[in-house]
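Coordinates in review
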Amino acid sequence: MPPKSIRNILFITWDSPETRYLERLFLPIFTGLRSRGYHFHVLQFSWGAEQIAEARTALCAKLGIPYRKINIVRRLGAAGPFSSAVLGARAVKQAVSEWQIDTLMPRSLMPALAVLRMRKSARDTLNIVFDADGLAADERVDFGGLSPHGITYRFLRDIEGALLRRSDAVLTRTESARSILLARAGSALKPQNCHVVSNGLDTGPFTDALQHFPKATKEPFTLCYCGSIGAQYRLPEMLDIACKMKTQIPELQFRLFSQYQDVVQRALEDKGLHEESWINCKAVPSEKVPEELVQCDLGIALREPLFSTQAILPIKLGEYLLAGLPVIVTPGVGNTEQLSEFGVFRSAGTDNLEETLSWVINEVLPNRALMREKSHAAGKKYFSLKSTVDSYVAALSSISKRSDSFDGQGHEMAEQSIANDR
């Protein structure tokens, strides 16, 4: 059921210029939520070429979603981004006034800090939905070299805790993340206010691409990776798996789709693979991802299985499946247990890699058309945009007006948590 009155929601996000989460994931969700009575506006902290911001502004305008970019200070070490977040409170306040916002939705910790730095009198009139976006502070420990005993980690955890206690609703992507955040927030966050939402995608472009770009079974067998590049994505190990697969499938092609082409090329050079013709790399605009993926046969997506990764649900997993690709992924990341029931997932763990390669050679390779149908069906079941919109509606409709639901004691706890670290 739509809310009694239209909610104007300000989505506050913090992204590098290379990432495409806004375009690929959130804008379709926000568009789907409009018919359910929720109007989204976007305030994005970022840096880089203005052409990227102009393209995002144009795309948002086409979708009827107001967009504004706030520049992140990249100098002064960690002080630059932190100061950008603190000063960003003014930008949030301005957007609230100009766009008549009644609900704030900060995604992750730096936007959360911007919200916490707003004046108490201004913030108390607004609903807050905290998109925790995994376990961001712990990701910096696992993959960024941050000490779990240092002041920076403590400060980030205090930001997280303050928003958990102050929020009217909290969004997570996995049940594991939900359990962890509820434990961290204590009694200030009620279980009914902490929701698991999915990372669904519009199935239409993938269905259209499957119809217009059919992959012939006689074409070379193609493995692909699509997405971000970083230590947690284990690119060197993916290259090792591709090379091992190449020895057993001589016609194998490996395609790497990523905006981080400089990092990809360095990894290929480190492995002595930069001149191999069977490995192809290119950056792909988000709107072209479906038609590129459907021309492949198998997707690969590794993640380092550390504490923070239990809280993530990779977008690429849904993209692979909707494009008709069975997947080799790290078990325990995303809903891989459900995918096993469809027979379209195998583990990339070193303990059973030989078994996985045997599955590729004996089941996937000779049955590409059937695997394409099964994978697409699994993608539609677990990664549809409709199911995701429904999960957001359940979370958003659970909050009442700020004047009715505000807990002054919880707010004071949040304020004190941030004050103690300043």
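I will try to describe carefully the structure that is included in this document.

Criteria and cut-off values
- Residues numbered from 1 in each chain as written.
- Predicted model: local features only at pLDDT ≥ 70, side-chain atom pairs only at ≥ 80, totals over all residues.
- Heavy atoms only, no water.
- Pairing = 2+ DSSP bridges.
- Helix = DSSP H or I, 4+ residues; strand = E, 2+ residues; numbered from the N terminus.
- Right-handed = clockwise from strand over helix to strand, strands pointing away.
- Buried < 20%, exposed > 50% of the residue type's maximum accessible area, 1.4 Å probe, protein only.
- Contact = heavy atoms within 4.5 Å.
- Axes fitted to C-alpha atoms, helices over the stretch in contact; angles between N-to-C directions.
- Parallel < 35°, antiparallel > 145°, perpendicular 65-115°, else oblique.
- Left-handed = near helix turned anticlockwise from the far one by under 90°.
- Nonpolar A, V, L, I, M, F, W, Y, C, P; charged D, E, K, R; others polar.
- Core = buried A, V, L, I, M, F, W, Y, C linked by side-chain atoms within 4.5 Å.
- Expected span 1.5 Å × (residues − 1).
- Arc of directions from axis to C-beta.
- Phe/Tyr/Trp six-rings, centres within 6.5 Å; stacked < 30°, edge-to-face > 60°.

Remarks on the pairing of strand E10 (residues 279–282)
The pairing of strand E9 (residues 253–257) with E10 spans 4 bridges and is parallel. In the strand pairing of E10, Arg 255 is matched with Asn 280. Read as a crossover between parallel neighbours, the route from E9 over helix H11 (residues 261–270) to E10 is right-handed.

Remarks on helix H13 (residues 315–322)
Taking burial as the measure, the 8 residues of H13 include 8 buried ones, the bulk of the element. All of the buried residues along H13 are Ile 315, Lys 316, Leu 317, Gly 318, Glu 319, Tyr 320, Leu 321 and Leu 322. Backbone geometry just downstream of H13 places Gly 324 in the positive-phi region, at approximately 85°.

A closer look at the environment of Ile 229
Along the chain, Ile 229 falls in the loop between strand E8 (222–226) and helix H10 (235–248). Each C-alpha atom, one on Ile 229 and one on Val 264, is 7.4 Å from the other, the two residues being 35 residues apart in sequence. Other than its neighbours up to four places away in sequence, Ile 229 contacts Leu 235, Ser 258, Tyr 260, Val 263 and Val 264.

Describing the pairing of strand E6 (residues 169–172)
For a regular strand, side chains alternate in direction, first toward one face of the sheet and then toward the other. Neither face of E6 is exposed, since Ala 169 and Leu 171 on one face and Val 170 and Thr 172 on the opposite face are all buried. The pairing of strand E5 (residues 127–131) with E6 spans 3 bridges and is classified as parallel. Across the sheet, residue Phe 130 finds its bridge partner in E6, namely Val 170. For E6 and strand E7 (residues 194–196), the ladder comprises 3 bridges, and the chain directions are parallel.

Examining the packing of helix H3 (residues 79–99) against helix H4 (residues 109–116)
Where H3 meets H4, the axes come as close as 7 Å, and the angle between the chain directions of the two elements is 50°. Of the possible angle classes, the one that applies to H3 and H4 is oblique. Crossing geometry of H3 relative to H4 is assigned as right-handed. For the pair H3 and H4, the contacting residues are Pro 81, Phe 82, Ala 85, Val 86, Gly 88, Ala 89 and Val 92 in the first and Met 110, Leu 113 and Ala 114 in the second. Along the lines of polarity and charge, the residues of the contact of H3 with H4 split into 9 nonpolar, 1 polar and no charged.

Things to note about the nonpolar core
Judged by nonpolar contacts, the single largest core of 89 residues is most densely connected at Met 245 and Phe 254. It is helix H1 (residues 21–34) that contributes the most residues to this core, 7 residues altogether. Not counting the four nearest positions on each side in its chain, Phe 254 is found in contact with Leu 223, Cys 224, Tyr 225, Met 238, Leu 239, Ala 242, Trp 278, Ile 279, Asn 280 and Ile 300. Formed by 49 residues, the second largest nonpolar core is a distinct cluster that contains Leu 104, Leu 135, Ala 136 and Phe 155.

A few points about H10
Between its first and last C-alpha atoms H10 spans 20 Å; for 14 residues at 1.5 Å apiece the expected length is 20 Å, and the two agree. Buried within H10 we find Leu 235, Met 238, Leu 239, Ile 241, Ala 242 and Met 245. For H10, the angular spread of the buried residues around the axis is 160°, confining them to a single face. Tucked inside the fold, the buried residues of H10 contact E8, E9, H11, strand E11 (298–301), strand E12 (327–329) and helix H15 (353–364).

Concerning unusual backbone geometry
Phi angles above zero are rare outside glycine, and Gln 100 is one such case at about 55°. Structurally, Gln 100 is set in the loop between H3 and strand E4 (103–106). Here Asp 133, not a glycine, exhibits a phi torsion of approximately 50°, which is positive. Examined against the element boundaries, Asp 133 turns out to sit in the loop between E5 and helix H6 (136–144). In this structure Asp 133 comes out as partly exposed when scored by relative accessible area, which is 25%.

A few points about the packing of H1 against helix H2 (residues 50–63)
Where H1 meets H2, the axes come as close as 11 Å, and the angle between the chain directions of the two elements is 20°. The angle between H1 and H2 places the two elements in the roughly parallel class. As H1 packs across H2, the resulting crossing turns out to be right-handed. Contact residues: Glu 23, Leu 27, Thr 31 and Arg 34 in H1; Arg 56, Leu 59, Cys 60 and Leu 63 in H2.

Some details on the sheet that holds E7
Taking strand neighbours across the sheet as the criterion, the 7 strands line up as E3-E2-E1-E4-E5-E6-E7 in an open arrangement whose pairing is parallel. Looking at which strands have only one partner, the edges of the open sheet turn out to be strand E3 (67–71) and E7. Ignoring which end each strand starts from, the neighbouring axes of this sheet average 20° apart. Alignment of E4 against E5, held across 2 bridges, turns out to be parallel. Each bridged residue has a counterpart across the sheet, and for Thr 103 the counterpart in E5 is Asn 127. Against the sheet, H4 contacts strand E1 (7–14), strand E2 (38–46), E4 and E5, and its axis sits at roughly 125° relative to E1. Seen against the sheet, helix H7 (residues 151–166) touches E4, E5 and E6 and runs at an angle of roughly 135° to E5.

Some words on the packing of aromatic side chains
Applying the stated criterion across every chain yields a total of 6 aromatic pairs. On the basis of an interplanar angle of 65° and a centroid distance of 4.9 Å, the ring pair of Phe 11 and Phe 30 is categorised as edge-to-face. Pair noted here: Phe 11 is in strand E1 and Phe 30 is in helix H1, with a separation of 19 residues, a long-range link. The same class applies to Phe 11 as to Phe 30, namely buried. Considering the side-chain rings of Phe 30 and Phe 40, the 4.0 Å spacing of their centres and the 5° angle between planes classify their relative orientation as stacked. In this pair, Phe 30 is assigned in helix H1 and Phe 40 in strand E2, connecting sequence segments 10 residues apart.

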